[in-house]
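Read off the chains here:
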Amino acid sequence: MRIAIAGGSMAGLFTAVLLRQSGHEVRIFERSRAGLQGRGAGLVPQQEVFDLLDLLGRDEVARLGVVARQRIVLDLEGDVISREDRPQMQVSWDHLFVAVRMQISDDAYRLGNGAVAVGQDEDAAWLDLEDGSRANADLVIGADGIGSAVRRSLMPDHPGASYAGYVAWRALVPERLLPASAARVLSDRFAFYDTPDAHVLGYTVAGEDGSLVKGGRRYNAVWYRTIDYLEDVLRDRTGQVHPYSLAPGSLSPEAIRGIHADARALLPAPFASAFLAEPQPFVQAIFDMTVPRMAVGRVAIIGDAAFVARPHTAMGVAKAAGDAMSLVRAIDAGWTQDARATFERERIAAGEAIVAYGRRLGAEIAARQRRRANA
């Protein structure tokens, strides 16, 4: 089959590689002009990721991670007030992305030309692209994220994602830039800090080049903060307001100075040091989203184009992998009505469960913050 995929992040990339293994002709159309490497941070691999990498013959990628020996909780003074020996491995999003991206040729992965709409008839489907061209195919897959143009065309009455009331400020810092005092507390540990309106966590991941050597790795810090007015946070250095997130390098100098000042004032010294060492912090607003359908005729949607779950679940990449494997099974079965129904039944159930889990975790974090505030 000729298959066009809107979106070249994990869901689209996983699907494309599996489809090419099955002999299908696949093209990816990604909106970003610079590519997606460097946009990810750390992730905790789930079983679906291991299963997918095994299918791709790259199972070694999921073993190249950093193991956090302990889970610790800090107080505002930076002291460890709770610790638990619970080893857990984190891998680099970048490392996983590059390992899979290398299996798709550049001529099949088109940058800087995202989808603006999708269409279909009895004989074909197509993507209308930003440059005014049209990509014709037998099947179109929308893997174009939370603001999916494919989903909007397929379900024009769908309300889209709902804001959860808080954002995640992120720092991905070369380990060598962490002050020694912060590294002694944070390195090789999964660390947490809570206040009534914020939740902070961090852990060590591989370096940009995949290095696992101490000093050559990176520290991934995430600061969840309650924000009522998203425009205040999602305005980039040119003054443009973005709907969902700002990538590294997008924040204005004034916004960066504000984050650094807030980190000094509000965070334990080790976490504050991580954000102060990050010259280009980035931010994502937290949303929930579900859909009633994932396949209509010759069009399917997967990944965050279909279901958006809060990052607390650590299931985003696993959800993408599960969607990809289920979708490719349906396509290899001929994309019949029964195959489409099986794909939808499996992945809608999985997506709804993951989104509900994220909402529960968000509520549990808020409850824990209230208890500590009242203690």
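All figures in this text were calculated on a predicted structure; none of them were measured in a lab.

Asker: In this structure, what is going on with helix α2 (residues 47-56)? I would like to understand it.
Answerer: The periodicity of an α-helix, 3.6 residues per turn, causes residues three or four positions apart to be oriented the same way. Along α2, the residues classified as buried are V49, L52, L53 and L56. The buried residues of α2 occupy an angular sector of 100° when the element is viewed end-on, so they sit on one face. Looking at α2, the residues exposed on the side facing more than 90 degrees away from the buried face are Q47 and D54. For α2, the secondary structure elements touched by its buried residues are α1 (10-21), α3 (93-101) and α9 (316-332).

Asker: Would you mind showing me how to read the nonpolar core here?
Answerer: Generally speaking, nonpolar side chains in soluble globular proteins are found buried as a group. Of all hydrophobic cores here, the largest spans 74 residues; its most connected members are F14, L96, L127, M294, I301, W335 and F343. It is α9 that provides the largest number of residues to this core, a total of 10 residues. Beyond its immediate stretch of four places on either side in the chain, I301 contacts G142, V150, R151, L154, M155, V291, R293, M294, A306 and F343. Within the second largest apolar cluster, 38 residues are counted, among which are A182, V185, A191 and A198.

Asker: Got a minute to help me understand the packing of aromatic side chains in this structure?
Answerer: Centre-to-centre distance and the angle between the planes together describe a pair of aromatic rings. For the structure shown, the criterion picks out eight aromatic pairs. Each member of the aromatic cluster is reached from another via a ring pair, and the members are Y163, Y244 and F287. The positively charged end of R101 is found above the aromatic ring belonging to Y109, 4.1 Å away from the centroid.

Asker: Looking at this structure, I do not really get the sheet that holds strand β17 (residues 295-296). What am I missing?
Answerer: Sheet strands pair by backbone hydrogen bonding; their relative direction is either parallel or antiparallel. Strand order in the open sheet formed by six strands is β6-β2-β1-β10-β18-β17, with mixed pairing between adjacent strands. A strand with exactly one partner marks an edge of an open sheet, and here the two such strands are β6 (109-111) and β17. Across three bridges, the pairing between strand β2 (residues 25-30) and β6 is parallel. Among the inter-strand pairings, E30 is bridged to a residue of β6, identified as L111. Its contacts with the sheet put α1 on β1 (2-6), β2, β6 and β10 (139-142), and the angle it makes with β2 is roughly 165°.

Asker: Even after reading the chapter, I still don't get the pattern of salt bridges, so can you show me in this structure?
Answerer: Working definition: two side chains of opposite charge can pair if their charged atoms are close together. Applying the stated rule across the entire model yields 20 salt bridges. Residue R257 is joined to E254 by a salt bridge in which the shortest nitrogen-to-oxygen separation is 3.7 Å. Placement of the pair is R257 and E254 together in helix α7 (residues 253-266), with a separation of three residues, close to one helical turn. For the salt bridge of R310 with D288, the shortest nitrogen-to-oxygen distance reads 2.7 Å. With R310 in the loop between β18 (299-301) and α9 and D288 in strand β16 (residues 282-288), this pair connects stretches of sequence that are 22 residues apart. Through salt bridges that share partners, R69, E175, D188, K214 and R217 make up one connected network.

Asker: What should I look at first to understand the packing of α2 against α9 in this one?
Answerer: For any two helices packed against each other, one specifies the inter-axial angle together with the distance between the axes. Put simply, α2 and α9 touch, their axes get as near as 8 Å, and they point 50° apart. One finds that α2 runs oblique with respect to α9. Remark: the crossing between α2 and α9 carries left-handed chirality. Here E48, V49, D51, L52 and L55 of α2 come into contact with α9, specifically with V317, A318, A321, G322, A324 and M325. Of the residues contributing to the contact of α2 with α9, the split by class is eight nonpolar, one polar and two charged.

Rules behind the numbers
Residues numbered from 1 in each chain as written. Predicted model: local features only at pLDDT ≥ 70, side-chain atom pairs only at ≥ 80, totals over all residues. Heavy atoms only, no water. Buried < 20%, exposed > 50% of the residue type's maximum accessible area, 1.4 Å probe, protein only. Helix = DSSP H or I, 4+ residues; strand = E, 2+ residues; numbered from the N terminus. Arc of directions from axis to C-beta. Contact = heavy atoms within 4.5 Å. Core = buried A, V, L, I, M, F, W, Y, C linked by side-chain atoms within 4.5 Å. Phe/Tyr/Trp six-rings, centres within 6.5 Å; stacked < 30°, edge-to-face > 60°. Lys NZ or Arg CZ within 6 Å of the ring centre and 35° of its normal. Pairing = 2+ DSSP bridges. Axes fitted to C-alpha atoms, helices over the stretch in contact; angles between N-to-C directions. Salt bridge = Lys/Arg side-chain N within 4 Å of Asp/Glu carboxyl O. Parallel < 35°, antiparallel > 145°, perpendicular 65-115°, else oblique. Left-handed = near helix turned anticlockwise from the far one by under 90°. Nonpolar A, V, L, I, M, F, W, Y, C, P; charged D, E, K, R; others polar.

Purely geometric numbers; function is a separate question.
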